[in-house]
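Survey of secondary and tertiary structure
Okay, here's what each chain looks like letter by letter:
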Amino acid sequence: MNPVNYLYLAALLFTIGASGVLIRRNAIIVFMCVELMLNACNLALVTFSRLHGNLDGQVIAFFVMVVAAAEVVVGLAIIVALYRSRHSASVDDASLMKL
Amino acid sequence: MSFPLLTATAAVPALGAIATAAVPAARRTAAKWLALLVSVATLVLAAVIAVRFEPGGDRFQLTESHTWIKDFGLRYDLGVDGIGVALILLTTLLIPFIIGAGWNDADPLETTSSRWRPTQGFFALILAVEAMVVVSFEATDIFLFYVFFEAMLIPLYFLIGGFGDRAHEHGEDEAAKQRSYAAVKFLLYNLAGGLIMLAAVIGLYVATADDLGTGTFSLPQILEARANGDLTLGTNTERWLFLGFFFAFAVKAPLFPLHTWLPNAMGEATAPVAVLITAVVDKVGTFAMLRFCLGLFPEASDWATPVILVLSLISIIYGALLAVGQRDIKRLIAYASISHFGFIVLGVFVMTSQGQSGATLYMVNHGISTAALMLVAGFLISRRGSRLIADYGGVQKVAPVLAGTFLVGGLATLSLPGLAPFVSEFLVLVGAFARYPAVGIVATLGIILAALYVLVLYQRTMTGPVKESVAKLPDLRVREVLVVAPLIALLIGLGIYPKPLTEIVNPAVERSMSDVQKKDPEPDHAVTTDGGWFDYQPAAQGETADGGHK
Amino acid sequence: MESLIGLLVAVPLLGAALLLCGGRRLDGIGHVLGTVLSFASFGIGLALFADMLGKDPEQRGLHTTVLSWIPVEGFQADVGFQLDQLSMTFVLLITGVGSLIHMYSMGYMEHDERRRRFFGFLNLFLAAMLLLVIADNYLLLYVGWEGVGLASYLLIGFWQHKPSAATAAKKAFIVNRVGDVGLSVAIMLMFTTFGSFAFGPVLGAAGETSEGKLTAIGLMLLLAACGKSAQVPLQSWLGDAMEGPTPVSALIHAATMVTAGVYLIVRSGAIFNGAPDAQTAVVVVGAVTLLFGAIVGCAKDDIKKSLAGSTMSQIGYMVLAAGLGPIGYVFAIMHLVTHGFFKAGLFLGAGSVMHGMNDEVDMRKYGALRKHMPVTFWTFGLGYLAIIGMFPLSGFFSKDGIIEAAFAKGGTQGLILGAVTLLGAAITAFYMTRMMLMTFFGEKRWQPDAEGNEPHPHESPKSMTVPMILLAFGSVFAGGFFAVGDRFLKWLEPVTSHEHGDPAYGAGVISGAALACMAIGVVGAWLMYGRRTVPVVAPRGSLLTRAARRDLLQDDFNHVVLVKPGEYLTRGLVFLDHSVVDGVVNTTAATVGGLSSRARRMQNGFARSYAVSMFGGAAVLIAATLLMRAV
């Protein structure tokens, strides 16, 4: 199978993730969409690695996974704290960060 | 290696500032005495500099030189010429009086919490300004100068914004608002000037890198390279760089039309801080014109002279006229200072030795006379709680000593012969007249206006029937007399015997004249005065002219 | 002897310093101290005078340099003194009359709570005036020049609780400053022309330079003299200066300071001799002021202001004489000295009258005072006879000299000037007779004031009458003493030089004409004020009288031409500074502020809109990269 197809899949996943981030209000879903984007990137990186025949892409993909794991920890903690204080997980409710 | 005298003169107030700031909240008085002690110690060091300085010696003396950031050619280079010595003396001399006059200005209000330490901050900031001003007068590395030229804005910003005059016609809230407006205005004006200068400083570095191989900020090195032709800036480059430097100094000086920050700053700050601004800090601007603009860019200075002379004439007349029209005592003094700065800039740029010596003396004398007038005005204002001239009247009757010292300060401001400012003003006028007679005559008109604003101020505040609101004003206290009396003594002393100062200044001025390659205009009929005065026999004269009489 | 010259100034200066800084401790003895020091200065003057008399006339000048004052490249100002016959004349006049007036003030200011300061200021005045006349260069002269201006300012405004006094003081200083500009510019011109401003070099080399330069210097010196000597057009301050205590009017605004302008012109004779146009200007100023002051003197009812007009007019005589050149210098100075005696005496007499009349100054409320104040009457009367030029009192000789010199100028100019001086003599006789009649003769016209205090005219104490008597002696005999055998001429000639012009008429004819003019004036005044009773309320009077009461509209002129436009100008500039110069900056600041507050609306706090802008930005970046690749 042509590896380029994986790139198309990665682009599709990234687009789905991006539109999810922009459209959905629920913090959990936004969060999951962010993960989706990250993983779309990973897929693209691994594909490039395969296409170019070296391991650079795979290495970076590992880095991304590590960062994503850390981010999940922090992000979920924030969402839980937010939910506790406001009883809502809507990102639009938390719009106090402005001048 | 000899004792680093110049560093010490700046380091003592700098360390003193830190120590003063660290005094615990409850020991307020100790902080005041510490600050005073430090400032006096600095004065002693400055006096040692003056003694060690040899007027006829090298251009820059007591030099210190250390590498700072090697890759960029930044150096910690200090050295003083005669002009620098005179201004260091002025600075260190005035600070003890400023501290003495502001003794109670920053006492915390009773309502504030006990951990708040405004007094310590006030005096620490004053000492910090002193340290930075002293370095500015000493630095022979252009970048080093720039750093301190800009850095002194920070403590001054807090001094203006944080410790303003509590007296205001529309109450304390309005006072606070005006104060922060004045502080921000001060900062923005000077920052804008400084940033343009920074561009010019970097430009100069690049230009030296082109001609000399390695870029340098060292003033002596550049002067030498210019003198022996190694460094030739193109005409346009030189003019642009000159404008960059001059703009910063003209803001600081301040010269029309860049002057509007000064009345606000002086009006809203307490009187001692106002003195600090106009008598000490602003002098860095005029000093730098003399040292950097003329030294680094002689041809461009010559090119810009007509415009600068016109601006300084406008400053003289315009400042004086506006002073006449003021309703607020401190703003009146501020506009009077603008007029005087016009004289100083005029003296620098007429390019005669009388003009430049006069301008240097003027910096010193204006510092002392404004300090005397402004500090007494401050004492008056703090008694009555108002800055408006109309709120006073007949003070002479209730507080004769206050009125008397105020009058002497005023007479010094209007350059009465016999007091120090006359010497410098007359030198500037003569210097201007010798090269540009019309300029000299127009500037002379300034002395009429000076009489007008000083005497109108004195008449409205001090004479006439005693107003009810001032009927109970106490006369000057001992501390206040101690602050004013030495200043008045100096005004009289330097008016009668300015020679020690001129001896220090003259060689530096000669160098500056040779930098710009100018010679004094020769008199039409030079009279040989080698033998001093010779007897004039008009009778004999009359006989030869008329072929005998009777 | 040279070292004594400095002492002349130092002694009164010490007095001023002690009295002004000494505090209340000296309140009790301040006036005595001031007077003693003044007499001490007079004593030093006399010692120097005696020494000078012992020398050959050409060798009498003394010179000493005390210290190098302002040494700057090419500009060497020294503090140096020189004492020649001209300076000596002034020194004796200043310290002599000054000491008498100190003595008089002990009585006059007895009840003033600020008496110590008064004497301090008087001593300051003496020091400055002496410095003015013994300085050996124009810059040091300038110091004395402004010093006397300061003393005059302080003394006019001595009763500064009175707004009118404070205003008058300020006015005097500022008008004088206008004159000072003239002196400043003259010194600068000397510096650029001769490279020096010391008397010796400048006057010695005056002949070598062009007439244009000399004319410029001369005109500037004339401007200075106009300011200090209250000559048209800078005359307006003198009348108001009468707000000061009367001894001050006598010493400063009659006998000494106001004559400094004459000193300046005579001292700078070498410059004026080479500049005929400047001399003409001097003569014109003198002639105009002569008539101006005399006319004002006729209309004033305030005894001191009338005397002030007279002072102006008499100094006009001196300036006119000084403008005539070597034929007039000696007479200018001679009239200056005799005038110093009789005008000081007249002022002290006026002060004595006011002292007895509860400080009333309106002559219409005097009358018949000769019975109540015999000493004042006789001394005032002798001063009166002297000033109108009655033979053989002082004024006759000195004024006669000036009138002769004016005619001797020759040509049409000489005729016009001679006529003016004669006319002036007539008017002088008129207003002085009027003053005499209104004050000492006729019916008593004083009434109780609003509080019911009726004045009780009485003779003044000894400390006041003794100086008056001494000055009256001077008024009577000085002129004759000077004139007999040309004593004064011979004394002054080595310094000022002298020429006899070619008088168009015999000396007897001119003296006769002067006496005739005087008689006309006296008779005219008697017809108007002696024969008829003087109304207590001033009649409306003719247009000229009303104008003269307002000082010939000088203040109105200044008000319309200078004060009002000046006020509008300052107000306009204050507005300009606030709204235009500052406005430009503030508008820039406001624009930046406005733009940034627009921009900050984008910070709405919604995480998703931030995300949109991130995506948008990323898309733009990628697009740009691709585009760059494609190109």
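Counting restarts for each chain, with residues numbered from 1 along the sequence as it is written. Numbering of ligands from 1 and lettering of chains from A proceed in the order in which they are written. For this predicted model, a pLDDT threshold of at least 70 governs which residues receive local features, and a threshold of 80 or more governs which side-chain atom pairs are given and counted, while totals over whole chains, interfaces and linings are taken from all residues. Water and hydrogen atoms play no part in the side-chain values, which are based on all heavy atoms of the structure.

- With an unreviewed UniProt entry as reference, chain C is termed NADH-quinone oxidoreductase subunit L, source organism Streptomyces smaragdinus.

- An unreviewed UniProt entry lists chain B under the name NADH-quinone oxidoreductase subunit M, with Streptomyces smaragdinus given as the organism.
- UniProt positions are given in the numbering used here, feature names are shortened, and annotations may be inferred rather than shown by experiment. UniProt's Sequence similarities (unreviewed entry) comment on chain B is quoted here verbatim: "Belongs to the complex I subunit 4 family."

**Structural notes on the packing of helix α2 (residues 28–52) of chain B against helix α4 (residues 118–138) of chain B**
Residues and elements named next belong to chain B.
- Lines fitted to C-alpha atoms define the axes, with helix axes restricted to the stretch in contact, and inter-axis angles between N-to-C directions lie between 0 and 180 degrees. Numbering of helices and strands runs from the N terminus; a helix is a DSSP stretch of H or I covering at least four residues, while a strand is a stretch of E covering at least two. One can describe the packing of α2 onto α4 by two numbers: an axis separation of 8 Å at closest approach and a directional angle of 15 degrees. Accordingly, the angle class assigned to the pair α2 and α4 is roughly parallel. Judged by the twist between their axes, the crossing of α2 over α4 is left-handed. Across from Arg28, Ala31, Lys32, Ala35, Val38, Ser39, Thr42 and Ile49 in α2, the residues of α4 making contact are Thr119, Gln120, Phe123, Leu127, Glu130 and Glu138.
- Each residue is assigned to one of three groups, with Ala, Val, Leu, Ile, Met, Phe, Trp, Tyr, Cys and Pro labelled nonpolar, Asp, Glu, Lys and Arg labelled charged, and all others, Gly among them, labelled polar. Looking at the contact of α2 with α4, its residues break down into six nonpolar, four polar and four charged. Note on angle classes: values under 35 degrees are labelled roughly parallel, values over 145 roughly antiparallel, values of 65 to 115 roughly perpendicular, and the remainder oblique. Note: crossing handedness is left-handed where the near helix turns anticlockwise from the far helix by less than a right angle, and right-handed where it turns clockwise. The contact criterion used is simple: two residues touch if any of their non-hydrogen atoms lie within 4.5 Å.

**Details of a nonpolar patch on the surface**
Residue and element names in this part refer to chain C.
- Exposure above 30% relative accessible area and the absence of a salt bridge qualify a residue for a patch, where like charges join within 9 Å and nonpolar side chains (Val, Leu, Ile, Met, Phe, Trp, Tyr) within 5 Å. Accessible surface is estimated by sampling points in the Shrake-Rupley manner with a 1.4 Å probe; for residues, cover comes only from the protein chains shown. Here, a salt bridge means any side-chain nitrogen of Lys or Arg that lies within 4 Å of a carboxyl oxygen of Asp or Glu. Together, Phe557, Val560, Val561, Leu562 and Val563 give the surface a local cluster of nonpolar side chains, amounting to about 480 Å² of exposed area.
- Within the element layout of this structure, Val560 appears in helix α23 (residues 554–599).
- Throughout this description, buried means an accessible area under 20% of the type-specific maximum (1.4 Å probe, protein chains only), exposed means over 50%, and partly exposed covers the range between. Of the residues examined, Val560 reaches a relative accessible area of 58% and is grouped as exposed.

**Quick look at the pairing of strand β1 (residues 61–69) of chain B**
All names here are of chain B.
- Here β1 runs beside strand β2 (residues 74–80); their pairing, made up of six bridges, is antiparallel. The residue of β2 that forms the bridge with Thr67 is Arg75.
- Counting the residues that bridge the hairpin from β1 to β2 gives four residues, and of these Gly73 lies at a positive phi of roughly 70 degrees. A strand pair is defined by DSSP finding two or more bridges across the two strands.

**Section: the interface of chain C and chain A**
- Residue-level contacts link ten residues of chain C with 15 residues of chain A.
- Here the quantity called buried area is the accessible surface, traced with a 1.4 Å probe, that two parts lose on coming together, added over both. Among the residues of chain C in contact with chain A, Phe606, Arg608 and Phe615 of chain C are the three that bury the most area, contributing 56% of the side total.
- One can count one salt bridge joining chain C with chain A.
- For the salt bridge of Asp92 of chain A with Arg608 of chain C, the shortest nitrogen-to-oxygen distance reads 2.6 Å.
- Identification of polar contacts relies on pairs of N or O atoms within 3.5 Å, with a donor-acceptor requirement for protein atoms, meaning one able to donate a hydrogen and the other able to accept it, and with residues adjacent in sequence counted only if both atoms are side-chain atoms. Where chain C touches chain A, the interface holds three residue pairs in polar contact (both at pLDDT 80 or more).
- A per-class count over the side of chain C that touches chain A returns five nonpolar, three polar and two charged.

**Quick notes on the interface of chain C and chain B**
- Taken together, the contact between chain C and chain B spans 75 residues of the former and 77 residues of the latter.
- Overall, the association of chain C and chain B removes approximately 6400 Å² of surface from exposure, summing both partners, and the carbon and sulfur fraction of that is 68%.
- Linking chain C with chain B are two salt bridges.
- Linking chain C to chain B there are 14 residue pairs in polar contact (both at pLDDT 80 or more).
- Among the elements of the structure, β1 (62–72), β2 (75–83), α5 (138–156), α6 (163–194), α7 (199–205), α20 (487–496) and α23 of chain C are those that each provide at least two residues to the side of chain C that touches chain B.
- Per-element tally for the side of chain C that touches chain B: the top contributor is α6 of chain C, with 18 residues.
- Tallied by class, the residues present in the side of chain C that touches chain B amount to 38 nonpolar, 22 polar and 15 charged.

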